[in-house]
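Descriptive analysis of the structure
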Amino acid sequence: MLALVSPALLVILALIVLPVGWLAWQSIYHDGFTLENYRRVFTEDIYWRSFALTFEISLAVTLIALLLGYPVAYLANALPKGWSILILALVVLPFWTSVLVRAYAWLALLQRTGVINQLLRYLELISEPLALVHNTFGTVVATVHILLPFMVLPLYATMQKIPGDLMQAGASLGASPSLTFCRVFLPLSLPGVLAGCTMVFVLCLGFYITPELLGGGRTVMVSMLVSRNVELYNQFGAASAVAVVLLLGVLLIFFAVSRFISLERVLGQK
Amino acid sequence: MTRISPARIALYVISALVLIYLILPVLIIAPISFSSARFLTFPPPSFSLRWYQQYFSNPAWMQATRVTLTVALLTVVIATPLGVAAAYAISQSKLRIMRVIHMALLLPLVVPIIITAVGIFFVYAKVGLVATLPGLVLANVMLGLPYVVISVLAGMQSFDPAQEMVARSLGMNRLRSFFAVTLPQIKSSVVAGGIFAFISAMDETIVALFISGGQYQPLTKRMFTALRDEIDPTIAAISTLMTAASFLLVLAASARQKKPG
């Protein structure tokens, strides 16, 4: 049996474990051991700002995705089968279009001469085009769009397992629908909330394409810091240190979450 | 007649708006790709196929398309058997270490892709695999493996291993009984896993940005570079084709998964 897994395991070891190990080594070794890279990452302003910005954007994206995703998952769960399949199909549809295609679409919609600005000017609601893209706003709008399915699917899967009788029991005992929702349904859906939020938050922490294309160079997320240190400045040690800090953050989140729900549940939706 | 509560109406309205937000960007690409305008204008002034012509007559785009399709096909051919073998072993073996191996095979989904990309770039630079086709294929095999493993493991759950025991007690060896008894029953999840690996390889961008170059640049890398510089409607044409292709593949995959056996 071990012979059967070894080819796959070898590929993973050679292309994930070895490269990540290499990064970790490179972050502390340059003509001798050094913590210089980490000192820079933790003290220099540009790194701090980027980590803080990435954290803020990820938090905002996660909260917005939860606020948008919860009602959709709730409705899909509450409606009869045919309707819920339709809703889920619409949720998964963008999932299967390339991230690049969707970045292009958001540029087409949000740029100065884009669809939304043209529409608003045609309706004479604005006289000057709004700056909707090449900033943090555009990044957040497009990122939420890409990550929303990762929120809706685990929410829906969890809600499906909540027995409908419980709501009826709540109602028969005299609770109003909103009270039953708050006291019965919402708490039971929390594992789904946790799974969805974890996936969205973690994916957002490492997002690269969307902020690079829609952030206009001003929204420098951690992933861009890594790539710029490699491509522009040849600062391999600094890039590695940033990557290691990011990875440790992600692993820490997964570890913390795994104490409450199974990781298979979080990753299974991807 | 029951009265519809305001909360219910709000739920419908919010959900409808969210669904429009999800779908609209996907739908907007196709009309742009058929527009005759040089710059982005909406609604398009008139219908034209010039951006499709532009794409099919441009040697650089065509070369990139060939690279993408070659890489995606080779990825499926390599990742599928590796993933099936691994998933089979994980589901059948009682060894403790299999749980750890299972988690290890899902690592490509856990490690942020930018970190994977930079790490592979450093390793490839050492062994001379940067800007080569084998390098690109190998990276995509690694990224596609989790999809095959997850899909096949899901398929194995409904498979009764006793059947294989029967085949072996009747004199088949392990390999033959796998191909004669097990594989036909998990075929649809194997095919679905392969299709997901294909789509993942077709869409992969970030690793390609770091490790591909020269004549072996996939479509996504050229699209990314083009998008950074200027919004060329040719990309809308390519995007429309890519989206259509991946929808057809997903339809094929889900049709297979629903079929019993």
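What counts, and at which threshold
- Residues numbered from 1 in each chain as written.
- Chains lettered and ligands numbered in written order.
- Predicted model: local features only at pLDDT ≥ 70, side-chain atom pairs only at ≥ 80, totals over all residues.
- Heavy atoms only, no water.
- Salt bridge = Lys/Arg side-chain N within 4 Å of Asp/Glu carboxyl O.
- Helix = DSSP H or I, 4+ residues; strand = E, 2+ residues; numbered from the N terminus.
- Buried < 20%, exposed > 50% of the residue type's maximum accessible area, 1.4 Å probe, protein only.
- Domains from an automatic or database assignment.
- Contact = heavy atoms within 4.5 Å.
- Buried area = accessible area lost by both parts, 1.4 Å probe.
- Polar contact = N/O pair within 3.5 Å; in protein donor to acceptor, adjacent residues only side chain to side chain.
- Nonpolar A, V, L, I, M, F, W, Y, C, P; charged D, E, K, R; others polar.
- Core = buried A, V, L, I, M, F, W, Y, C linked by side-chain atoms within 4.5 Å.
- Disulfide = S-S within 2.5 Å.
- Axes fitted to C-alpha atoms, helices over the stretch in contact; angles between N-to-C directions.
- Parallel < 35°, antiparallel > 145°, perpendicular 65-115°, else oblique.
- Left-handed = near helix turned anticlockwise from the far one by under 90°.
- Lys, Arg positive; Asp, Glu negative; His and termini not counted.
- pLDDT = per-residue confidence, 0-100.
- UniProt positions renumbered as here; feature names shortened; annotations may be inferred.
- Patch = residues over 30% accessible without salt bridge, like charges linked within 9 Å, V, L, I, M, F, W, Y side chains within 5 Å.
- Areas by Shrake-Rupley, 256 points an atom, 1.4 Å probe, with all protein chains shown as cover.
- Phe/Tyr/Trp six-rings, centres within 6.5 Å; stacked < 30°, edge-to-face > 60°.

An unreviewed UniProt entry annotates chain B as ABC transporter permease originating from Bradyrhizobium commune.

Looking at an unreviewed UniProt entry, chain A carries the name ABC transporter permease, with the source organism given as Bradyrhizobium commune.

1. Things to note about the pattern of salt bridges
If you walk through the whole model with that rule in mind, you get five salt bridges over all chains. The shortest N-O distance in the salt bridge between Arg49(A) and Asp45(A) comes to 2.9 Å. Taken together, the residues span about one helical turn, with Arg49(A) and Asp45(A) both in helix 3 (residues 45-78) at a distance of four residues. In this structure, Arg49(A) and Asp45(A) share a single accessibility class: exposed. Salt-bridge contacts for Arg228(B) lead to Glu212(A); the nearest nitrogen and oxygen are separated by 3.7 Å.

2. Quick notes on unusual backbone geometry
Of note, the phi angle at Asp31(A) is positive, near 50 degrees, even though the residue is not glycine. For Asp31(A), the location among the structural elements is in the loop between helix 1 (2-28) and helix 2 (36-43). We note that Ala131(B) has phi near 65 degrees; this positive angle belongs to a residue other than glycine. Position of Ala131(B) relative to the elements: it lies in the loop between helix 6 (113-127) and helix 7 (133-157). Classification of Ala131(B) by relative accessible area gives partly exposed; the value is 29%.

3. Comments concerning the domain arrangement of chain B
Residues and elements named next belong to chain B. What the domain assignment reports for chain B is domain 1 (1-47) and domain 2 (59-258). For domain 1 and domain 2, the distance between their C-alpha centres works out to 32 Å. Contacts between domain 1 and domain 2 engage seven residues on the former and eight residues on the latter. In this assembly, domain 1 packs against domain 2 so that about 580 Å² is buried in total across both faces, 68% of it on carbon and sulfur atoms. Along the contact surface separating domain 1 from domain 2 lie zero salt bridges. At the junction of domain 1 and domain 2, the tally comes to one residue pair in polar contact (both at pLDDT 80 or more). Its residues placed into classes, the side of domain 1 that touches domain 2 shows five nonpolar, one polar and one charged.

4. With respect to the nonpolar core
Of all hydrophobic cores here, the largest spans 165 residues; its most connected members are Leu147(A), Leu105(B), Ile115(B), Phe210(B) and Ile211(B). The element that contributes the greatest number of residues to this core is helix 7 (residues 136-160) of chain A, accounting for 14 residues. Each of domain 1 (1-47) and domain 2 (59-258) of chain B contributes no fewer than three residues to this core. If we skip the residues at most four places from it in the chain, Phe210(B) touches Ser227(A), Val230(A), Glu231(A), Ile114(B), Ala117(B), Val118(B) and Phe121(B). Within the second largest apolar cluster, six residues are counted, among which are Ile195(B), Phe196(B), Val250(B) and Ala253(B).

5. Examining the state of the cysteines
Residue and element names in this part refer to chain A. This structure, assessed with the given rule, holds zero disulfides over all chains. No disulfide involves Cys-182; its sulfur sits 17 Å from that of Cys-197, the nearest cysteine. With no disulfide of its own, Cys-197 lies closest to Cys-204 among cysteine sulfurs, the gap being 12 Å. Cys-197 sits in the buried class, given a relative accessible area of 18%.

6. Quick notes on the side chain of His145(A)
Residue and element names in this part refer to chain A. If you trace the backbone, His-145 turns up in helix 7. A relative accessible area of 0% means that His-145 is categorised as buried. Within the local environment of His-145, its side chain forms a polar contact with the side chain of Trp-106, the two groups lying 3.3 Å apart.

7. Digging into the interface of chain A and chain B
The partner chain B presents 82 residues to the 73 residues of chain A that form the contact. Across the chain A to chain B interface the summed buried area is about 7,100 Å²; carbon plus sulfur atoms make up 84%. Put simply, chain A and chain B have one salt bridge between them. Counting every contact that joins chain A to chain B gives five residue pairs in polar contact (both at pLDDT 80 or more). No other element matches helix 1 of chain A, which puts 17 residues into the side of chain A that touches chain B.

8. Brief notes about the packing of helix 3 (residues 59-92) of chain B against helix 9 (residues 174-203) of chain B
Residue and element names in this part refer to chain B. Contact geometry for helix 3 and helix 9: axes closest at 8 Å, N-to-C directions at 140 degrees. With respect to each other, helix 3 and helix 9 are oriented oblique. Once helix 3 is placed against helix 9, the crossing between them reads as right-handed. Contacts between helix 3 and helix 9 involve Thr-68, Leu-69, Ala-72, Leu-73, Thr-75, Val-76, Thr-80, Val-84 and Tyr-88 from the former and Arg-174, Phe-178, Thr-182, Val-190, Gly-194, Ala-197, Phe-198, Ala-201 and Met-202 from the latter. Classifying every residue of the contact of helix 3 with helix 9 by side-chain character gives twelve nonpolar, five polar and one charged.

9. Overview of the side chain of Lys221(B)
Position of Lys221(B) relative to the elements: it lies in helix 11 (residues 219-229). One buried charged residue, Lys221(B), remains without a salt bridge, the closest side chain of opposite sign being Glu231(A) at 6.7 Å. Among residues more than four places away in sequence, those in contact with Lys221(B) are Ala208(B), Leu209(B), Ser212(B) and Gly213(B).

10. Topic: the confidence of the model for chain A
Of all residues in chain A, 99% have pLDDT values of 70 or greater, and the mean over the chain is 89. By mean pLDDT, helix 14 (residues 263-267) of chain A is the weakest element of chain A at 72, and helix 3 of chain A is the strongest at 95.

11. Thoughts on the UniProt feature "transmembrane region" (unreviewed entry) in chain B
All names here are of chain B. UniProt's entry tags residues 9-34, 67-91, 103-125, 137-156, 177-199 and 235-255 with the feature "transmembrane region" (unreviewed entry), counted in the numbering of this structure. The span residues 137-156 is 100% helix and 0% strand, and its two end C-alpha atoms sit 27 Å from each other. Across residues 235-255, the secondary structure splits into 100% helix and 0% strand, with the terminal C-alpha atoms separated by 30 Å.

12. Considerations on a nonpolar patch on the surface
A cluster of nonpolar side chains, namely Ile4(B), Ile9(B), Val13(B), Leu17(B), Ile20(B) and Leu24(B), defines an oily patch on the protein surface of about 560 Å² accessible area. Mapped onto the elements of the fold, Ile4(B) is located in the segment before helix 1 (6-33).

13. Observations regarding the packing of aromatic side chains
In total, this model carries 21 aromatic pairs over all chains according to the counting rule given. Ring centres of Trp25(A) and Phe33(A) lie 5.7 Å apart, and the angle between their planes is 90 degrees; this geometry places the pair in the edge-to-face category. Looking at Trp25(A), the relative accessible area reads 42%, which means it is partly exposed. Take Phe33(A): its relative accessible area is 63%, and that puts it in the exposed class. Consider the rings of Phe178(B) and Phe179(B), whose centres lie 5.4 Å apart with planes at 80 degrees: the pair is edge-to-face.

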